[in-house]
Amino acid sequence: MTIKLHVFPLSPRAFKVLFAANHLNIPYEMVFVNFATAAHKTPEFTSLNPNQRMPVLEEDGYVLWESNAIVQYLAAKKPDLGLLPADLKTRMTAVKWQFWETAHWDPACAIFMFERVVKKIFGRGDADPAEIKRGEDLMARLGPVLDGALQKTRYVAGDAFTVADISLSASLASADQAQFPLEPYRGIQRWITEIRALPAWAKTKAMQKPPG
Ligand SMILES: N[C@@H](CCC(=O)N[C@@H](CS)C(=O)NCC(=O)O)C(=O)O
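Quick notes on the rules
Residues numbered from 1 in each chain as written. Predicted model: local features only at pLDDT ≥ 70, side-chain atom pairs only at ≥ 80, totals over all residues. Heavy atoms only, no water. Helix = DSSP H or I, 4+ residues; strand = E, 2+ residues; numbered from the N terminus. Buried < 20%, exposed > 50% of the residue type's maximum accessible area, 1.4 Å probe, protein only. Lys, Arg positive; Asp, Glu negative; His and termini not counted. Salt bridge = Lys/Arg side-chain N within 4 Å of Asp/Glu carboxyl O. Contact = heavy atoms within 4.5 Å. Axes fitted to C-alpha atoms, helices over the stretch in contact; angles between N-to-C directions. Parallel < 35°, antiparallel > 145°, perpendicular 65-115°, else oblique. Nonpolar A, V, L, I, M, F, W, Y, C, P; charged D, E, K, R; others polar. Arc of directions from axis to C-beta. Near = heavy atom within 4 Å. Polar contact = N/O pair within 3.5 Å; in protein donor to acceptor, adjacent residues only side chain to side chain. Areas by Shrake-Rupley, 256 points an atom, 1.4 Å probe, with all protein chains shown as cover. Pairing = 2+ DSSP bridges. Right-handed = clockwise from strand over helix to strand, strands pointing away. Phe/Tyr/Trp six-rings, centres within 6.5 Å; stacked < 30°, edge-to-face > 60°. Domains from an automatic or database assignment. Buried area = accessible area lost by both parts, 1.4 Å probe.

Mapped onto the secondary structure, arginine 116 falls in helix α4 (residues 88-121). Of the side chains bearing the opposite charge, glutamate 136 lies closest to the buried arginine 116, which forms no salt bridge; the N-O distance is 4.6 Å. Excluding its chain neighbours within four sequence positions, the residues that come into contact with arginine 116 are Ala127, Ile132, Gln177, Ala178 and Gln179.

In structure tokens, the structure reads:
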């Protein structure tokens, strides 16, 4: 059975797993989870993920949720491509950045995404200036952390592209539209420009579409 990826493609967390699968050239079937019709709240979807959130991976009856776990699962299927580095310390550095992404980077990016992109799509009014300010304050703290790492090495966990780069860059899939305040960070700009040039990035961007 092929892998099924249950996603709402416009979401950065969906982008993350699609980008990983596309980069690794792993065949999969995309199952559209339509937020506009609350497809993630149905009993069928809830039985896959009791959190009622996507993305979810399914393979031969095995079900996995949490986007970074899914990225690692996919990466582990193609060990030769090195997205999950064989060296323990390098691998744990990549995993560390994935935890950081879930705990800090994703919630900060999500503020701009929700206020400036999601609200427009779902007709939920204008961006809330207090929320934007909260996002800017968080970014002012997080931006230098990521930028500092990227000033030292080509990718976040060293010289090689890893799962961490996939997880962190996915949040920036709609960064221009959501106007992330990332202008001061030369390291992040250099890194994201390089990642956006990957064929899998363009392929994944083409899959993003608002609900019909
Ligand atoms: N930590 C989870 C977060 C998943 C998540 O929050 N997904 C959001 C979309 S971006 C969702 O499905 N939201 C539906 C809802 O909140 O009702 C992951 O990385 O997979």
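Two elements in contact, helix α1 (residues 12-24) and helix α3 (residues 67-76), have axes whose closest approach is 9 Å; the angle formed by their N-to-C orientations is 5 degrees. Compared by their axis directions, α1 and α3 come out roughly parallel. Contacts between α1 and α3 pair Arg13, Lys16, Val17, Ala20, Ala21 and Leu24 from the former with Ser67, Asn68, Ile70, Val71, Leu74 and Ala75 from the latter. Considering only residue class, the contact of α1 with α3 consists of eight nonpolar, two polar and two charged.

Time to look at α3. Taken residue by residue, α3 has Ser67, Asn68, Ile70, Val71, Leu74 and Ala75 as its buried positions. Looking down the long axis of α3, one finds its buried residues gathered within 155 degrees of arc, a one-sided arrangement.

Right, let's talk about the site of the ligand for a bit. In the vicinity of the ligand, the residues found are Ser11, Arg13, Phe35, His40, Gln52, Arg53, Met54, Pro55, Glu66 and Ser67. Take arginine 53: an N or O atom from its side chain is 3.0 Å from an oxygen atom of the ligand. At 2.6 Å, a side-chain N or O of serine 67 approaches an oxygen atom of the ligand. Taking 520 Å² as the accessible area of the ligand by itself, protein coverage stands at 77%. Looking at the shell around the ligand, its residues break down into three nonpolar, four polar and three charged.

Here we come to the sheet that holds strand β4 (residues 62-65). Strand order in the open sheet formed by four strands is β2-β1-β3-β4, with mixed pairing between adjacent strands. Each edge of the open sheet carries a strand with a single partner, namely β2 (28-32) and β4. Across this sheet, the average inter-strand angle for adjacent strands is 20 degrees, counted without regard to direction. Across four bridges, strand β3 (residues 56-59) lies against β4 in antiparallel orientation. Note on β4: the bridge partner recorded for leucine 57 is leucine 64. Contacts from α1 reach β1 (3-7) and β2 within the one sheet, and its direction differs from that of β1 by about 155 degrees. Contacting β1, β3 and β4, α3 crosses the sheet at an angle of about 125 degrees to β4.

Of all five residues in β1, four are buried, a share of seventy percent or more. As paired elements, β1 and β2 share five bridges and run parallel to each other. Its bridge partner lying in β2, lysine 4 is registered against glutamate 29. On the question of chirality, the crossover connecting β1 to the parallel β2 by way of α1 is right-handed.

Taken as a whole and judged by the stated rule, the model has twelve aromatic pairs. Residues phenylalanine 112 and phenylalanine 180 carry aromatic rings whose centres are separated by 5.6 Å and whose planes lie at 45 degrees to one another, so their mutual orientation is tilted. In this pair, phenylalanine 112 sits in helix α4 while phenylalanine 180 sits in the loop between α6 (163-170) and α7 (186-196), placing the two residues 68 residues apart along the sequence. Side by side, phenylalanine 112 and phenylalanine 180 carry an identical accessibility label, which is buried. Relative to phenylalanine 161, the ring of tyrosine 155 lies with its centre 5.5 Å away and its plane at 70 degrees, an arrangement referred to as edge-to-face. We classify tyrosine 155 as buried; its relative accessible area is 10%. Put simply, the rings of Phe15, Phe19, Tyr155, Phe161 and Trp201 touch in pairs and so form one group of aromatic residues.

This paragraph deals with the domain arrangement of the chain. Looking at the assigned domains, one finds that the chain contains domain 1 (3-80) and domain 2 (88-198). Relative placement of domain 1 and domain 2: their C-alpha centres are 20 Å apart. At the boundary of domain 1 with domain 2, total buried surface from both sides reaches about 1400 Å², with 69% on carbon and sulfur atoms. On inspection of domain 1 and its partner domain 2, the count reaches two salt bridges. Of the charged contacts, one joins arginine 13 and aspartate 106 as a salt bridge, the two residues approaching to 2.5 Å between their closest N and O atoms. Taken together, the links from domain 1 to domain 2 amount to seven residue pairs in polar contact (both at pLDDT 80 or more).

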